Amino acid sequence: MTKIELSELSNIPECTTGAPLPVVVSDEEHVYLIYYSQDDDSSYYGEYPASINRRVNGICAIITFEFCRIYKFGSPNDETLHGHPLYKYGLKHYSAFSIKNSPWINEVQQINKVHSSHNSKMFEKDRHYIWTFQDSTFECISENYSHRVVHGSMSEVIKSTVNSF
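Residues numbered from 1 in each chain as written. Predicted model: local features only at pLDDT ≥ 70, side-chain atom pairs only at ≥ 80, totals over all residues. Heavy atoms only, no water.

Visitor: Sorry if this is basic, but what is going on with the environment of Leu81 here?
Guide: By secondary structure assignment, the location of Leu81 is in the loop between β4 (57-74) and β5 (96-100). Residues Leu81 and Thr17, spaced 64 residues apart in sequence, show a C-alpha to C-alpha distance of 15 Å. Leave out the neighbours within four places in its chain, and Leu81 touches Pro76, Tyr87, Leu91, Lys92, His93, Thr132 and Thr137. (Helix = DSSP H or I, 4+ residues; strand = E, 2+ residues; numbered from the N terminus. Contact = heavy atoms within 4.5 Å.)

Structure below.
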């Protein structure tokens, strides 16, 4: 059996630990993960980051996954992350990772094997990504991702993203 390896993604916008309020917007071609990003300028959030709501202006990260095969969003939160199967491989709080030798990719490929035109090569570019937030976790299998940072309210960014479809 091949060893599972987690690599922390250091080139992505860090989520705020107070209340990143992540949102997932998707269609069959793209998945967008949007969250409030950490910033040294606390004037965006005021004194109490936990009081952020989606109408507050701030710095929003938009992570775009193209050719996303599948995603999960929800449990576990930061208090139960140690129950996640990847925790023993180095999964940690408020971070993003790429998983090498992911059992989830193998599971999805096994499901697809019943297709009469199944070809294992179609899974070669797939990567398993995971973002851990305060109240939720996001995981997906995608060929790649890109990111950008925008200033504004989460509500405005969500509307703009939906309107881009």
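Visitor: What is the right way to read unusual backbone geometry from this model?
Guide: Keep in mind that most residues, glycine aside, have a negative phi and that most peptide bonds are trans. With omega at 5 degrees, the peptide bond leading from Ser75 into Pro76 counts as cis. Within the secondary structure, Pro76 sits in the loop between β4 and β5. Of note in the backbone geometry, Asn101 takes a positive phi value of approximately 65 degrees without being a glycine. Following the sequence through the fold, Asn101 ends up in the loop between β5 and α1 (103-112).

Visitor: Just to check I follow, could you spell out the packing of aromatic side chains for this structure?
Guide: Aromatic rings in a pair are described by how distant their centres are and how their planes are angled relative to each other. Inspection of every chain in the model, using the stated rule, returns nine aromatic pairs. Taken together, a centroid distance of 5.1 Å and an interplanar angle of 75 degrees make the contact between Tyr129 and Tyr145 edge-to-face. Taken together, the positions of Tyr129 in strand β6 (residues 127-132) and Tyr145 in strand β7 (residues 137-153) put the pair 16 residues apart, joining distant regions of the chain. According to the relative accessible area criterion, Tyr145 is buried, its value standing at 18%. Connected via pairs of aromatic rings, a cluster forms that spans Phe65, Tyr71, Phe73, Tyr129, Trp131, Phe138 and Tyr145. For Arg69, the ring lying beneath its charged end belongs to Phe123, and the centroid distance is 4.2 Å. A cation over an aromatic ring shows up here: Lys72 above the ring of Trp104, its NZ or CZ 4.4 Å from the ring centre. (Phe/Tyr/Trp six-rings, centres within 6.5 Å; stacked < 30°, edge-to-face > 60°. Buried < 20%, exposed > 50% of the residue type's maximum accessible area, 1.4 Å probe, protein only. Lys NZ or Arg CZ within 6 Å of the ring centre and 35° of its normal.)

Visitor: Please explain the pattern of salt bridges as it appears in this structure.
Guide: Side chains bearing opposite charge may pair, as long as their charged atoms lie close to each other. Summed over the entire model, instances satisfying the criterion amount to two salt bridges. Its salt-bridge partner being Lys92, residue Glu8 comes within 3.1 Å of it at the nearest N-O pair. Remark: Lys92 occurs in the loop between β4 and β5 and Glu8 occurs in strand β1 (residues 5-8); sequence separation between them is 84 residues. A salt bridge links Arg69 to Asp126; its shortest N-O distance comes to 2.7 Å. (Salt bridge = Lys/Arg side-chain N within 4 Å of Asp/Glu carboxyl O.)

Visitor: Help me out: how do you make sense of helix α2 (residues 154-163) in this one?
Guide: Along an α-helix, residues three or four apart share an orientation, since each turn contains 3.6 residues. For α2, every residue scored as buried is listed here: Met154, Val157, Ile158 and Thr161. The buried residues of α2 occupy an angular sector of 100 degrees when the element is viewed end-on, so they sit on one face. Turned more than 90 degrees from where α2 packs its buried face, Lys159 and Asn163 sit exposed. In the core, the buried residues of α2 are packed alongside β2 (23-26), β3 (30-36), β4 and β7. (Arc of directions from axis to C-beta.)

Visitor: Can you help me understand the confidence of the model for the protein chain in this one?
Guide: Should pLDDT be low for a region, the predicted coordinates there are not to be read in detail. In the predicted model, the protein chain carries a mean pLDDT of 88, and 91% of its residues have values of at least 70. Long-range and interchain partners of residues 47-51, a stretch whose pLDDT sits below 50, account for four contacts in this model, where long-range means more than four residues apart. (pLDDT = per-residue confidence, 0-100.)

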